[in-house]
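# Chains, contacts and geometry: an overview
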Amino acid sequence: MPTILFDGIAYGMLLFVLACGLSVTLGLMNFVNLAHGAFAMAGGYVTALLMNRAGVPFLATLPAAFAAPAILGVILERTLYRRLYGASPLDQVLFTIGLVFIAMPIANYFLGDQPQQVHLPPFLQGRVEWAGIGFGIYRLFIIAVCGAIALALQLLLIGTRFGAQLRAAVDDARVASGLGIDVDRLFAITFAVGCGLAGLGGALAADVVGGIDPTFPVKFMVSFLIVVTVGGSRGILGALLGALLLGILDVAGKYYVPSIGAFIIYAVMVATLLIRPQGLFARGPR
Amino acid sequence: MSEAARLSAHLTRGARWGLGEIAFWLLIVALIFLVPSRALLINEILIAGLFAMSLDLILGYAGIISLGHAAFFGIGAYGAAILASRGIHDPILGLILASLLAGFLGLATAPLLLRGSDLTRLMVTLGICLMLGELANRNSWATGGADGLNFELTPIFGLLPIGFTGQRNAALYSLVVLFLLFVLARRIVQSPFGLSLRALKENRLRAGALGVSAPHRLIVIYAISATYAGAAGALVAQTTQIVSLDVFDFHRSADVLLMLIIGGTGYLYGGIIGAALFIAIKDGLSTATPEYWEFWIGLLLVALVLGGRERIGARLHALLPRRLRGGSAA
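Check the secondary structure of chain A and you find eleven helices and two strands. Secondary structure elements of chain A occur, N-terminal to C-terminal, as α-α-α-α-β-β-α-α-α-α-α-α-α. The C-alpha atoms of chain A give a radius of gyration of 18 Å, which matches the 19 Å a tight globule of 286 residues would have. The C-alpha extent of chain A, read off along each of the three principal axes, is 55 × 45 × 35 Å. By residue count, 52% of the 286 residues in chain A fall in the buried class. Counting only contacts in chain A whose residues sit at least 6 apart along the sequence, the fraction spanning at least 24 positions is 77%.

What follows is the structure in structure tokens.
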């Protein structure tokens, strides 16, 4: 039981880092970005390729796994995404599905359809025993890294000028821009950071999900969307709680009631949407 | 002319069949007989066209966005397959029962779509589809699970076998079903009910002020659309005589949305035309680049959206003969 809880928390933390960018895009720009997983895939590939082809150590690849998707994100945001901020959700969905359809064959063309494995360094492998419970070292590492990221994001959001501007813009972008906040710049920065975090999440997740392959954006799109819907799209804490809940439910559900599998998390999502459309952990509607 | 008489004249004008429409259907019949070697592909297009048409009913006419329309497609497919594997071997009866089953599911889930934003609807429809897919996966005693489900059907009217041994019959069978359901859909969208749906789509607040209440109308059209999607699923199952878990795939919901968008929403033919274009593109590209055809579809989609989907649609629409344009032409 504690081991399952532990694995669930680790998985939830991963989901948080993967999805928090999506939560910000949705909350800030009201933009439905189904292509978020493509940035995560990009990060996973950066780490896998740097390790397997260039021999860079795992930890040293992580900054690149953040930076490359972030740069890609900012380029796409400036050139394509921004044209659709005011568009209908249908157009946004179509556009981002289109991006996914473009990203997957590109990955397949250059890297093949076999999963690219990320081989963990020896010091992250194995387990430690403590009070009779086994903890996977890599999962401890994930919890530490993702927890630090969550903490940093929360501090950034509540403690800095940038964070205050961002919160203001999420609350009401029009009023915020009327007060002289450069909302356009905020969009670009948060989009880039969100994509970078997705990439970092992809790199960290590669070992847990058995390697990065071209179908990654579609396989995990649903998980991201569930985190955002359950957590609510208006804050780091909501997304974190949503991700943890989802991670624990998913791992525990698959362990205790394998006969219904992923059904539980889908049911939780639909139920959440019906009871609290703004998300379980979000503040009430404006 | 009184208001009521003008309205009824408007509705009757749209209801008349134009030469272009008749030619469209005759062309399909001719294609089936002239190129029997492509009957399999034509059958696929007809069924996808029916599926896309069902989405058009809710998206194009009522403005309901769905990312999980495959839920009803899958229910129809599994419904037909399970009925056939449990002793109801008559395809027509199986088709009707399976479509009704999907329709009931649509009726049951439609109230969930009345609340919240477009985003909520996207997620609810997607979630329901995923749940059903997972249910089908786990209840392999009924669905065959990941192995799929094989079954036997008797020939239609005891005479015309469908399936791999009778691909031309299968295409004709799908065409007849598509045509009948199309005529019904055409009648529905040109009825006062259809007109009120369009009013709701254009401006729900104003339609409400005119006395058009939304919930019942949306539930009814959603259930009808679900029935249509179920019929499409049942046709796929019956004409291939195997059904597997991929009927609930996200890909299916996404592809049908793309077909409809490529063909254009809101005039019923869009689904069929879009399906033909989509499958032709897919077929053409996958012989050239089997693994990468999605890239070009994605590029087309991005270009469509960035170029202004509705603007392009309106321009093409103006090229169509007046009769084909449907209600919006008047």
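With that settled, consider the confidence of the model for chain B. Residue and element names in this part refer to chain B. Confidence along chain B averages 85 in pLDDT terms, with 92% of residues attaining 70 or more. Every residue in residues 326-330 scores below 50 in pLDDT, and together they form ten contacts with partners more than four places removed in sequence or on other chains. Interface confidence for the predicted complex, expressed as ipTM, amounts to 0.83; the pTM equals 0.88.

The next subject is the interface of chain A and chain B. Taken together, the contacts link 34 residues of chain A with 34 residues of chain B. The greatest single-element share of the side of chain A that touches chain B, amounting to 16 residues, is contributed by helix 4 (residues 89-111) of chain A.

Structural remark: α-helix, 3.6 residues per turn; residues separated by three or four positions point the same way. All names here are of chain A. Helix length check: helix 1 (residues 2-29), at 28 residues, gives a terminal C-alpha distance of 39 Å against a target of 40 Å (1.5 Å per residue), a fit within 8%. Along helix 1, the largest kink reaches about 45 degrees and is centred on A19. In the stretch just after helix 1, N30 is the one whose phi turns positive, near 55 degrees.

The next subject is the environment of B:G133. All names here are of chain B. Take G133: it is sitting in helix 6 (residues 118-138). Of the residues examined, G133 has 24 C-beta atoms within 10 Å and is grouped as buried. Sequence separation between G133 and K282 is 149 residues; the distance between their C-alpha atoms is 25 Å. Every residue in contact with G133, bar those within four places of it in the chain, is listed here: G74, L245 and F248.

With 21 residues, helix 6 of chain B extends 30 Å from end C-alpha to end C-alpha; this agrees with the ideal 30 Å at 1.5 Å per step. In terms of burial, helix 6 of chain B is a largely internal element, 16 of the 21 residues being buried.

The next subject is the pairing of strand 1 (residues 127-130) of chain A. All names here are of chain A. Across four bridges, the pairing between strand 1 and strand 2 (residues 133-136) is antiparallel. Bridge pairing in strand 2 links E129 to G134. Where strand 1 hands over to strand 2, the hairpin turn is made up of two residues, of which A131 adopts a positive phi near 55 degrees.

Now for the confidence of the model for chain A. Low pLDDT marks stretches whose predicted atomic positions should not be read closely. When pLDDT is averaged along chain A, the result is 85, and 97% of the positions lie at 70 or above. When the elements of chain A are averaged for pLDDT, strand 1 of chain A gives the smallest value, 74, and helix 3 (residues 58-79) of chain A the largest, 91.

All names here are of chain B. Between helix 4 (residues 70-85) and helix 6, whose axes approach to 8 Å, the crossing angle comes to 30 degrees. Between helix 4 and helix 6, the interaxial angle falls into the category roughly parallel. Where helix 4 approaches helix 6, its residues A70, A71, G74, I75 and Y78 are matched on the opposing element by I128, C129, L132, G133 and A136. Along the lines of polarity and charge, the residues of the contact of helix 4 with helix 6 split into eight nonpolar, two polar and no charged.

Rules of the game
- Residues numbered from 1 in each chain as written.
- Chains lettered and ligands numbered in written order.
- Predicted model: local features only at pLDDT ≥ 70, side-chain atom pairs only at ≥ 80, totals over all residues.
- Helix = DSSP H or I, 4+ residues; strand = E, 2+ residues; numbered from the N terminus.
- Rg over C-alpha atoms; globule rule 2.2 N^0.38 Å.
- Buried ≥ 20, exposed ≤ 12 C-beta atoms within 10 Å, placed from the backbone.
- Contact = placed C-beta atoms within 7 Å.
- pLDDT = per-residue confidence, 0-100.
- Expected span 1.5 Å × (residues − 1).
- Bend = angle between axes of the 7 residues up to and from the residue.
- Pairing = 2+ DSSP bridges.
- Axes fitted to C-alpha atoms, helices over the stretch in contact; angles between N-to-C directions.
- Parallel < 35°, antiparallel > 145°, perpendicular 65-115°, else oblique.
- Nonpolar A, V, L, I, M, F, W, Y, C, P; charged D, E, K, R; others polar.

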